[in-house]
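# Structural overview for review
Each chain, letter by letter, is given below.
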Amino acid sequence: MIYCDKQTRILVQGATGNQGAFHIDLMNRYAQSVSGAGVVAGVTPGKGGREVHGVPVYDTVREAVAIHDTEASVIFVPAGAAADSIMEAADAGIKTIVTITEHIPVHDVMRAIAYARSCGSAVIGPNCPGLLSPGECRLGIMPSPLFMRGPVGVISRSGTLTYEVVDELTRAGIGQSTVVGIGGDPVIGETFVDCIRRFSEDSYTKAVILIGEVGGALEIDGAEAALSLDLPIVAYIAGVSAPKEKRMGHAGAIIEGGEGDAASKIERLKAMGVTVATRPSELPAYISTLL
Amino acid sequence: MKLLEYEAKKVFSTYKIPIPASTLITSVGEAADACKKIGGSVVLKAQVDVGGRGKAGGILMATADDAETVANDLFTRKIKDLTVKEVLVEERLSIQKEYFVSIAIDRSSRSPVILFAEAGGVEIEATAGERPDAVRSARVSPLFDEVPGFILRYLTRGCEKEIIPVISALYRAFREKDALLAEINPLVITPSGVIAADAKLIIDDNALARQGITENRDLTEREAEAEAHGFSYVELNGSIGVIGNGAGLTMATLDLIAHHKGAAANFLDVGGGAGSERVMYAVRLVASVPDVKVIIVNLLGGITRCDEVARGIIAAGVSQQVIVRLAGTNEAEGRALLEGAGYRMLDTMEAAVAAAVLEASS
């Protein structure tokens, strides 16, 4: 598994909001079921001293880290303040920063990620469902009942489409090591390449599914990294029928200036020798040949 | 959101980027006066958001004598299906040399990238092929507020010094206006100095509010209505209405429809955790599209609860057939509700899509 395991002590930023509180509970129920550390602290400026589902809340990340030595953070802070929260977490030494928040202006995202990386922190997202290592750790909002532990890594720009694929895998008896939702924004922290590098060093992971979509070329970079590291992969790219210059739900899912359409991505992946599924339901059969 | 040329130029001029003398007109009658005010020969440019505007007939030359005739011609034309409502009347520049400068966001390096070329207009690609050295690019760390001098010198080496402040200013506009793209093509050298002959500026939709923009003009009426409900919506031109949760799953649904040789009427992502009321609005919105014969609802419940979705579909009560695929949280309750109300619920998205395509073609 990558980025998180049973030992990962989690901080939640935006702990007292609806989403934050709801997912503190779900993350900790999951942690209990697998004997993991789970969420040990929360942060909401101005609400220090409270508790959310038994988890102590602090005003600042520094205070929370000093007392609880947290290694990962999940951010549910509203878009206007989320980039600041990413930088606050990085500044306090948190190494994995999962940003669930959607609609953060891209200039804020670029700055926050650049700062976090300069601190040696990995940002997952923004606009992502986080990650889940079955049997180890739920670091985000993925619906854990669909998951099963096993040798397949999944990296995806999507949320529900990932659950769809995970559901298909689990029904086919194929378990997952870690499923990472890297986010649907044009600028994201950890890309396919970063996750591929981590998976290639992970002894649990035998093969990886890349789930991409229209916009940019990060899938191609990821596939190149996998090939150079001898990590077996299969891919699926959503949006073959997406029109040009239209944002397809995700801020990053847009074919701009004639670049980033699904057909040309699929063509490039195939030219590199990567198997690309036409439909999500084909993925279990394709990945099972690589295990 | 894309700004029109005159709006982008107005922004650029506040950053002290020189722009041509110009007047914006909205009727033929204003053309002659505008032309006289500027003096000499002018260029009339249709303010429409299309690529290849010049080739499509959206840019015409005129003098004071024929300004009205030319303006009439332009106002009555359609430029790639768009009617011309505003025309920018500009001084005709005496161009000695053309450059290209563009600032965009590079996803791979997660940073702004400046592209500069020693050629402008439509010849950039040819130049890039013939003289790769004449096209230069540089990333700027998002931690810098300004473009560092070494980058400016690298980009503009061997070129007129007066270009440097223009690139610096364009970068400041790019950052402060939350732009996804800030471009001048061509940036021209004239006897009176450097001038931005054209201008492009695209503002990040996630930053419109803090930029004081209340209405996103890039959206159609129905798309704007959908956005007000918190949906992501894109109009297409088929007959199968599509509702999903999550951008990826909804896109995959469209692709499966195409795979089965059907045609989707729209893309509607209801987002995460949609309750019955939101689902009801979504179904009604899609049903209101005239061409929609059948609607497919494909939702995977995580934080979204299937029973809530079922209630929403039933409450919408639309005349078209609604084919449903629901999986995940409270799936059994959702199924019982839907089947009790006579709706078709299928187990997989493939089966649901196949049924919808069949229904649409019957």
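On a predicted model such as this, the values are computed, not experimentally measured, just so you know.

### Quick look at the sheet that holds strand β13 (residues 233-238) of chain A
Overall, mixed pairing links the seven strands, which are arranged β9-β8-β11-β10-β12-β13-β14 (chain A) in an open sheet. Looking at which strands have only one partner, the edges of the open sheet turn out to be β9 (137-140) and β14 (275-277) of chain A. Averaged over neighbouring strand pairs, the angle between their axes works out to 20° when direction is ignored. When strand β8 (residues 130-133) of chain A meets strand β11 (residues 176-181) of chain A, the two strands line up antiparallel, connected through three bridges. If you follow A:Leu132 over to β11(A), its bridge partner there is A:Val179. Sitting on the sheet, helix α8 (residues 247-259) of chain B touches β12 (207-213) and β13 of chain A, and the angle it makes with β13(A) is about 80°.

### Here we look at unusual backbone geometry
Residue A:Pro126 is bonded to the preceding A:Gly125 through a cis peptide linkage, with omega at 10°. The residue A:Pro126 is located in the loop between β7 (122-124) and β8 in this model. Positive phi, normally seen in glycine, also occurs at A:Tyr3, with a value near 70°. Tracing the backbone shows A:Tyr3 in the segment before β1 (9-13). Residue A:Tyr3 is classed as buried on the basis of its relative accessible area, which comes to 11%. The phi dihedral of B:Asn330 falls on the positive side, at around 60°, and the residue is not glycine. Summarising the element assignment, B:Asn330 is placed in the loop between β17 (321-328) and α11 (331-340). By relative accessible area, which is 27% here, B:Asn330 ends up partly exposed.

### Focus on the interface of chain A and chain B
Contact with chain A, which involves 56 residues of that partner, is made by 45 residues of chain B. In this assembly, chain A packs against chain B so that about 3900 Å² is buried in total across both faces, 58% of it on carbon and sulfur atoms. Applying the counting criterion to the chain A and chain B interface returns nine salt bridges. The salt bridge partner of B:Arg110 is A:Asp194, with a shortest N-O separation of 3.0 Å. Elements supplying a minimum of two residues to the side of chain A that touches chain B: α1 (18-33), α4 (106-118), α5 (160-171), α7 (218-228) and β13 of chain A. Looking at the side of chain A that touches chain B, its residues break down into 27 nonpolar, 16 polar and 13 charged.

### Details of empty space enclosed by the protein
Residue and element names in this part refer to chain A. On inspection of all chains with the given rule, the structure shows two cavities of 30 Å³ or more. Empty space within the largest cavity amounts to approximately 50 Å³. Lining the largest cavity are 14 residues, and of these Ala31, Gly38, Glu136, Cys137 and Arg138 lie nearest its centre. Listed by contribution, the elements that provide at least two residues to the lining of the largest cavity are α1 and β9. The element that contributes the greatest number of residues to the lining of the largest cavity is α1, accounting for three residues. Here the residues of the lining of the largest cavity are counted per class, giving seven nonpolar, three polar and four charged. Lining of the second largest cavity is provided by Met1, Arg149, Gly150, Gln176, Ser177 and Tyr204.

### Here we look at the UniProt feature "domain: CoA-binding" (unreviewed entry) in chain A
Here, the residues flagged by UniProt with the feature "domain: CoA-binding" (unreviewed entry) are residues 3-104 of chain A. As annotated, residues 3-104 of chain A comprises 36% helix and 25% strand, and the C-alpha atoms at either end are separated by 23 Å.

### Here's the deal with the sheet that holds strand β6 (residues 87-91) of chain B
Residue and element names in this part refer to chain B. The strand order across the open sheet formed by four strands is β1-β6-β2-β3, and the pairing between neighbours is antiparallel. Strands at the two margins of the open sheet, each flanked by one partner only, are β1 (22-25) and β3 (59-62). Sheet twist, expressed as the average angle between the axes of neighbouring strands with direction ignored, equals 20°. Pairing geometry for strand β2 (residues 42-46) and β3, over four bridges, is antiparallel.

### Quick notes on the pairing of strand β16 (residues 294-301) of chain B
Looking along a regular strand, one sees the side chains alternate between the two faces of the sheet. Residue and element names in this part refer to chain B. Of all eight residues making up β16, eight are buried, and the element is well covered by its neighbours. The side-chain alternation of β16 yields two buried faces, one formed by Val294, Ile296, Asn298 and Leu300 and the other by Ile295, Val297, Leu299 and Gly301. Here five bridges tie strand β14 (residues 240-244) to β16, and the two strands are oriented parallel to one another. Opposite glycine 244, over in β16, you have asparagine 298 as the bridge partner. Regarding the hand of the β-α-β motif, the stretch spanning β16, helix α10 (residues 306-316) and β17 is right-handed.

### Considering the pattern of salt bridges
Applying the stated criterion across every chain, the model contains 43 salt bridges over all chains. Residue B:Asp73 is joined to B:Arg77 by a salt bridge in which the shortest nitrogen-to-oxygen separation is 3.0 Å.

### Thoughts on helix α1 (residues 5-14) of chain B
Residue and element names in this part refer to chain B. Most of α1 sits inside the fold, with seven of its 10 residues counted as buried. Of all the positions in α1, only Glu5, Tyr6, Glu7, Ala8, Lys9, Val11 and Phe12 are classed as buried. Following α1 by one or two positions, lysine 16 has its phi on the positive side, about 65°.

### Section: the layout of surface pockets
Empty space left among the atoms is revealed by rolling a probe the size of a water molecule over them. Counted as a void, the second largest pocket has a volume near 310 Å³. Together, 16 residues line the second largest pocket, and A:Leu26, A:Pro143, A:Pro145, B:Gly302 and B:Thr329 are the ones closest to its centre. No other element matches the four residues that α1(A) contributes to the lining of the second largest pocket. Considering only residue class, the lining of the second largest pocket consists of eight nonpolar, six polar and two charged.

### Quick notes on helix α2 (residues 61-68) of chain A
All names here are of chain A. All of the buried residues in α2 are Val61, Ala64, Val65 and His68. Looking straight down α2, one finds that the buried residues subtend no more than 95° of arc, so they occupy a single side. Across α2 from its buried face, at more than 90 degrees, point the exposed residues Arg62, Ala66 and Ile67. Each element contacted by the buried residues of α2 is listed here: β1, β2 (38-43), β4 (55-58) and α3 (79-91). With its phi angle positive at about 50°, aspartate 69 sits one or two positions after the end of α2.

### Digging into the UniProt feature "domain: ATP-grasp" (unreviewed entry) in chain B
The residues that UniProt annotates with the feature "domain: ATP-grasp" (unreviewed entry) are residues 9-214 of chain B. Annotated as residues 9-214 of chain B, this span is 25% helix and 31% strand, and its ends, taken at the C-alpha atoms, are 20 Å apart.

### Considerations on the environment of B:Val242
Residue and element names in this part refer to chain B. Here valine 242 shows up in strand β14. When its relative accessible area of 0% is taken as the criterion, valine 242 is described as buried. Remark: the alpha-carbon pair of valine 242 and arginine 53, spanning 189 residues in sequence, is separated by 33 Å. Residue contacts for valine 242: discarding those within four places in its chain leaves Thr250, Thr253, Leu254, Ile257, Ala264, Asn266, Phe267, Leu268, Val286 and Ile296.

Cut-offs used in this document
- Residues numbered from 1 in each chain as written.
- Chains lettered and ligands numbered in written order.
- Predicted model: local features only at pLDDT ≥ 70, side-chain atom pairs only at ≥ 80, totals over all residues.
- Heavy atoms only, no water.
- Pairing = 2+ DSSP bridges.
- Helix = DSSP H or I, 4+ residues; strand = E, 2+ residues; numbered from the N terminus.
- Axes fitted to C-alpha atoms, helices over the stretch in contact; angles between N-to-C directions.
- Contact = heavy atoms within 4.5 Å.
- Buried < 20%, exposed > 50% of the residue type's maximum accessible area, 1.4 Å probe, protein only.
- Buried area = accessible area lost by both parts, 1.4 Å probe.
- Salt bridge = Lys/Arg side-chain N within 4 Å of Asp/Glu carboxyl O.
- Nonpolar A, V, L, I, M, F, W, Y, C, P; charged D, E, K, R; others polar.
- 1 Å grid on protein atoms, 1.4 Å probe; cavity = no way out; pocket = protein on both sides within 12 Å on 5 of 7 lines; lining within 4 Å.
- Points joined across faces, edges and corners; volume = space filled by probe spheres on them.
- UniProt positions renumbered as here; feature names shortened; annotations may be inferred.
- Right-handed = clockwise from strand over helix to strand, strands pointing away.
- Arc of directions from axis to C-beta.

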